[in-house]
Amino acid sequence: DAGVTQSPTHLIKTRGQHVTLRCSPISGHKSVSWYQQVLGQGPQFIFQYYEKEERGRGNFPDRFSARQFPNYSSELNVNALLLGDSALYLCASSLGTGVYGYTFGSGTRLTVV
Amino acid sequence: TQLLEQSPQFLSIQEGENLTVYCNSSSVFSSLQWYRQEPGEGPVLLVTVVTGGEVKKLKRLTFQFGDARKDSSLHITAAQPGDTGLYLCAGEETSGSRLTFGEGTQLTVNP
């Protein structure tokens, strides 16, 4: 059974550009969350979607947006990229609440130059 | 904003030694989860503890959730080089909408 898949695995963008990151959850999982992990730190919560509805939003600027599709896959969009947006972006899926635990993908390494 | 303080940040020990990692908060969480992360990979769930005072064992790893559900610890017995990695604790808010992660403990076990 496939795990959480994220694409692309690596990405290099220029300041001011826009980026779209994609995530496919484990089959049967209806919840998708996005996290940003800067080198040397723990992941920071960005968004959670459940049944295509936004359930939670972290302390990130409006340049960050996301959506969940009918097949439960998700996209994270970041506009007007800044150097500080360079990080590992992680997607996690779960059956519902975290009592079941979250399964993380391998992430997308975004470098902004 | 709920915060989790994890200590120590770095730990380098010899094979066969025991160690404990601590995760503390002033907030109550509905569950506390421990993950292990390898370079270039996402975190992998080790255990979820839900009930205050709960203790779970996973081979040489013992996880404990504080009675007040604000803190947790991870104890590794007879560490092995394969235990090397970044250990992260994460608390889930009662709303179930997000995980708050600690800063992580980078463990290195030398042969």
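Everything below is about the structure printed above this text.
Residues numbered from 1 in each chain as written. Chains lettered and ligands numbered in written order. Predicted model: local features only at pLDDT ≥ 70, side-chain atom pairs only at ≥ 80, totals over all residues. Heavy atoms only, no water.

Trainee: A description of the overall build of chain B should follow, citing residues and the corresponding values.
Mentor: Counting secondary structure elements, chain B contains zero helices and 11 strands. Helices and strands in chain B line up, N terminus first, as β-β-β-β-β-β-β-β-β-β-β. Burial status across chain B gives 48% buried among its 111 residues. Once local pairs closer than 6 in sequence are excluded, the contacts in chain B between residues at least 24 apart make up 55%. For chain B, the exposed area adds up to about 5200 Å²; of that, 50% sits on carbon and sulfur atoms. (Helix = DSSP H or I, 4+ residues; strand = E, 2+ residues; numbered from the N terminus. Buried < 20%, exposed > 50% of the residue type's maximum accessible area, 1.4 Å probe, protein only. Contact = heavy atoms within 4.5 Å. Areas by Shrake-Rupley, 256 points an atom, 1.4 Å probe, with all protein chains shown as cover.)

Trainee: Talk me through the sheet that holds strand S6 (residues 55-58) of chain B; I want residue IDs and the actual numbers.
Mentor: Residues and elements named next belong to chain B. Strand order in the open sheet formed by five strands is S1-S3-S8-S7-S6, and the pairing between neighbours is antiparallel. Unpaired on one side and paired on the other, strand S1 (5-7) and S6 mark the two borders of the sheet. When the angles between neighbouring strand axes are averaged without regard to direction, this sheet yields 15°. Here three bridges tie S1 to strand S3 (residues 19-24), and the two strands are oriented antiparallel to one another. (Pairing = 2+ DSSP bridges. Axes fitted to C-alpha atoms, helices over the stretch in contact; angles between N-to-C directions.)

Trainee: So what about the packing of aromatic side chains? Which residues, and what values?
Mentor: Evaluated as defined, the whole model comprises nine aromatic pairs over all chains. Plain terms: the ring middles of Tyr 35 of chain A and Phe 104 of chain A are 5.7 Å apart, the flat faces sit at 55° to each other, and that makes the pair tilted. One end of the pair, Tyr 35 of chain A, is in strand S4 (residues 31-37); the other, Phe 104 of chain A, is in strand S10 (residues 103-104), and 69 residues separate them in sequence. Each member of the pair, Tyr 35 of chain A as well as Phe 104 of chain A, carries the same accessibility label: buried. Aromatic pair Phe 104 of chain A and Phe 101 of chain B: ring centres 6.1 Å apart, planes at 70°, arrangement edge-to-face. Highlighted residues: Phe 104 of chain A in strand S10 and Phe 101 of chain B in strand S10 (residues 99-101), drawn from two different chains. Both residues of the pair, Phe 104 of chain A and Phe 101 of chain B, count as buried. (Phe/Tyr/Trp six-rings, centres within 6.5 Å; stacked < 30°, edge-to-face > 60°.)

Function cannot be inferred from these measures alone, as they are strictly geometric.
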